[in-house]
Amino acid sequence: MKQAGVVVGELGLQQLHEALQKGVFAVQTGLLRFRIRSSFEDVAQSIHALYAEHPFQLAPEFADFHVEVRAPWNLRRWLRPQAEFFIDGDPPFEPLPRDQAPALLEWGMNWTIAASCHQWFTLHAASLERGGHAVILPAPPGTGKSTLCAALAFRGGWRLLSDELTLLDPDTLYANALARAINLKNASIDIIRQFAPAAVWSPETYDTSKGRVAHLRPPIESVRRMRETASPRWIIFPKYQAGAAPLLTPRPKTATFMPLAENAFNYSTLGQTGFDAIARLLDQCDCYDFVYSQLDDALEVFDWIADNSPGLPAEYAA
Amino acid sequence: MTVHCARLLLDLMRAPTEATSLSLADWDTVLRLARRANLISRLAESLDRSGVRNALPTPVQPHLTAALALSTHQRQAIVWEARHIGTALQPLGLPVILLKGAGYAVANLNAARGRLFGDVDILVPKSRINEVEAALMLHGWSTGHIDPYDNRYYRQWMHELPPMAHLKRGTVIDVHHNILPDSARNTPTAALLLQAAVALPENPFYVLAPCDRVIHSATHLFHEGELSNGLRDLFDLADLLDEFSAEDNAFWPTLTERARELGLEWPLRLAFRYLEHVLDYPIPPDAKSRLVRRPLADLVHDALYLPGFLPDHPLCNTPKAGIARTILYQRGPYLRMRPGLLVAHLGRKAFMRLYKNTSRST
């Protein structure tokens, strides 16, 4: 399949809106091609902002997934406008208030990948690359994973692979890039606005189930190189703690197995393949816990990690 | 056009070696329909078995790999779950019959290949159903909080206990004492099914006799209010018929005779009809002629089922399909209940909904 050379940003907003209305617009994100239909103008604006550097096609022969965001066909929409996400005519979740449509598209695309892409071992984790090696940041919501990920991607000299979904090839364990928008919540939005003033954002959405959210366009470099994989080298569990001095602690591998399994979307679906993938991943990675409060400190620590292959004791060493 | 696009999927399911002639645009359609109809893993397995998988276009490959991983997992999971159920019920010393998907998987039938499974359904003698419920509760299954009306409704009129979910695994088991509700129009005598059940080798379980498995699958399919798994069920039937008729020369006459004995000729007749019309499955003319013809009723059935069986997907959907689905949906309860009971039941449900909504808003 030939890769179109044109990126979304070269399309006028009006043209993009029309293509979305007709359901012919397809965007390439990493190895996946999503064909998207929506007549909502704010969805078009959001795609225009967040995918400006991504290649697109109009009415391609093949797309991996066909998704749509539109008003649900129920009576309620006359009282209070809503938006609903569909994949192949099927809505996997309840409609949301109309103004959350752009965010709903992003979440729906994430859901689609997590629910269907069992060709990969999929972790709920951010991943970034430097020097051909990947760092994986698994963490439950609220630990500051996305904030740290945004800081590393915009100012830390790391290439963003993915903020939400780490996609590992179960044979080679290479991490595949998605190079999609970074989803930030509440105070993190303001922190990153200050930290990376040049970044491009989608409009903020208020009162979602996660509070106030906004999406951040991935750095151009990460999009241009989104077909380059990286071999995982570090697994780091970040934790933001107000006022804390930066503290990097090696983690025993035995104590890292289960948290990784719990952060995987398809650990049990892949059965033995999933078990083997984690075991081999732990074999080749150094594992750490990382507590921080200042992003500048965090960048310094991550520089140190990338530059040194620290001599860890046997039970920790890769 | 709409029928054509569904045809692409249906033909491919029956003749997977044709897969190499599909264009990439065809694959785009086929994968979408297969995913929506819960058939993608079945398709992937059949492409894999017929040796054409590696010759297919690169963009198609990951979707087949993913679908195979999913069905392999589901099959392992259902066999594993059956093992837990066996352990829980073994002390009772009664024949536990695995129905439908779980039965196909544990008996290793072709119908289980690439099938996606739902809950585990078992059939036990009605006289022992309380013991079964108690034994399952002891091992962690529970009906949870259930509305007293629904609870009583299940126990008085239905052919099964309220669904029981396992507290830790979250898996659901439906315990049946018959294959149709006591309130339905043509409920078979459960004892006939139990007597004919066959033990599985190296296993604590039984399955229904081959004929009864076909009849049950058909009965279930044509009593359902929705056909979201309708195509999958038709393919189940095709696989069962292929396998059983190859093992037993007298299978077809035995099957039609058994349907008569159980009073379930009509679902079998409909199954034959739509296996032929939707899947192009060859039903022997002899077998068809042994069942009563109902040409007038078939006009109505065709109007509902021919569009109803197509995947519920924007590519196939026509206004006609929408209307057919609505009517089929309303037909489900009608088949499962006598009119008086149906009116009382729906009346109460509507009233309670109204009542609950007002109390919530005040």
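Residues numbered from 1 in each chain as written. Chains lettered and ligands numbered in written order. Predicted model: local features only at pLDDT ≥ 70, side-chain atom pairs only at ≥ 80, totals over all residues. Heavy atoms only, no water.

Enquirer: Whenever I open this one, the sheet that holds strand E1 (residues 96-99) of chain B confuses me. Can you help?
Expert: The pairing of strands in a sheet happens through backbone hydrogen bonds and is either parallel or antiparallel. All names here are of chain B. Here we have 7 strands laid out as an open sheet, ordered E3-E4-E5-E2-E1-E7-E6, and mixed in their pairing. Lying at the two open borders of the sheet, with one neighbouring strand each, are strand E3 (141-142) and strand E6 (198-199). Where strand E2 (residues 120-123) lies against strand E5 (residues 172-176), 4 bridges are found, and the strand directions are parallel. Directly across from leucine 123, in E5, lies its bridge partner histidine 176. Here helix H6 (residues 129-138) sits on the sheet and contacts E2, E3, strand E4 (164-166) and E5; the angle it forms with E5, its principal contact strand, is near 165°. (Pairing = 2+ DSSP bridges. Helix = DSSP H or I, 4+ residues; strand = E, 2+ residues; numbered from the N terminus. Contact = heavy atoms within 4.5 Å. Axes fitted to C-alpha atoms, helices over the stretch in contact; angles between N-to-C directions.)

Enquirer: Mind showing me how you'd approach the packing of helix H10 (residues 230-247) of chain B against helix H12 (residues 265-279) of chain B here?
Expert: Each pair of packed helices can be described by the angle between their axes along with the distance between the axes. All names here are of chain B. Following both chains from N to C, one finds H10 and H12 inclined at 105°, their axes separated by 10 Å at the closest point. Classified by the angle their axes make, H10 and H12 are roughly perpendicular. Listed contacts from H12 to Leu231, Leu234, Phe235, Leu237, Ala238 and Leu241 of H10 are Ala271, Tyr274, Leu275, Val278 and Leu279. Class assignment for the residues of the contact of H10 with H12 results in 11 nonpolar, no polar and no charged. (Parallel < 35°, antiparallel > 145°, perpendicular 65-115°, else oblique. Nonpolar A, V, L, I, M, F, W, Y, C, P; charged D, E, K, R; others polar.)

Enquirer: Please explain the confidence of the model for chain B as it appears in this structure.
Expert: Any residue range with low pLDDT should be treated as having predicted coordinates unsuitable for detailed reading. Residues and elements named next belong to chain B. On average, residues of chain B score 89 in pLDDT, and 93% of them are at 70 or above. Every residue in residues 357-362 scores below 50 in pLDDT, and together they form 0 contacts with partners more than four places removed in sequence or on other chains. Model confidence for the complex is summarised by a pTM of 0.90, with the ipTM given as 0.92. (pLDDT = per-residue confidence, 0-100.)

Enquirer: Hey, could you run me through the side chain of threonine 269 of chain A in this one?
Expert: For threonine 269 of chain A, the location among the structural elements is in helix H9 (residues 267-270). The class of threonine 269 of chain A is buried, set by a relative accessible area of 12%. In this structure, threonine 269 of chain A is in contact with His118 of chain A together with Ala69, Leu70 and His73 of chain B, ignoring residues within four places of it in sequence. (Buried < 20%, exposed > 50% of the residue type's maximum accessible area, 1.4 Å probe, protein only.)

Enquirer: I keep staring at the environment of leucine 299 of chain A and nothing clicks. Help me out?
Expert: Residues and elements named next belong to chain A. In this structure, leucine 299 sits in helix H11 (residues 295-307). Remark: the alpha-carbon pair of leucine 299 and arginine 155, spanning 144 residues in sequence, is separated by 8.0 Å. Beyond its immediate sequence surroundings of up to four residues, leucine 299 is in contact with Ala151, Leu152, Arg155, Gly156 and Phe195.

Enquirer: Whenever I open this one, the nonpolar core confuses me. Can you help?
Expert: A general tendency of soluble globular proteins is for nonpolar side chains to be buried together. Counting residues in hydrophobic clusters, the biggest one holds 111 residues, and the most contacted among them are Trp27, Ile122, Val175, Leu234, Leu255 and Leu279 of chain B. Sort the elements by how many residues they give to this core and H12 of chain B lands first, with 9 residues. Leaving out residues up to four positions away in the same chain, leucine 279 of chain B has contacts with Arg7, Leu10, Arg14, Leu231, Leu234, Phe235, Ala238 and Tyr274 of chain B. Core analysis: the next-biggest nonpolar cluster, separate from the first, contains 36 residues, Phe56, Val67, Ala101 and Trp120 of chain A among them. (Core = buried A, V, L, I, M, F, W, Y, C linked by side-chain atoms within 4.5 Å.)

Enquirer: Looking at this model, I keep getting lost on unusual backbone geometry. Mind explaining?
Expert: Leave glycine aside and you will find that most residues have negative phi; peptide bonds, for their part, are mostly trans. In this structure, asparagine 186 of chain A takes a positive phi of about 45° despite not being glycine. Tracing the sequence through the fold places asparagine 186 of chain A in the loop between strand E12 (182-185) and helix H6 (187-195). The backbone phi angle of aspartate 280 of chain B is positive, close to 65°, even though this residue is not glycine. By the element assignment, aspartate 280 of chain B lies in the loop between H12 and helix H13 (285-289).

Enquirer: Would you mind showing me how to read a nonpolar patch on the surface here?
Expert: Residue and element names in this part refer to chain B. A contiguous nonpolar surface patch, about 340 Å² in accessible area, is contributed by Leu296, Leu299 and Val300. Locating leucine 299 in the fold gives a position in helix H14 (residues 295-308). Taking the relative accessible area as the measure of exposure, leucine 299 reaches 59% and is therefore exposed. (Patch = residues over 30% accessible without salt bridge, like charges linked within 9 Å, V, L, I, M, F, W, Y side chains within 5 Å. Areas by Shrake-Rupley, 256 points an atom, 1.4 Å probe, with all protein chains shown as cover. Salt bridge = Lys/Arg side-chain N within 4 Å of Asp/Glu carboxyl O.)

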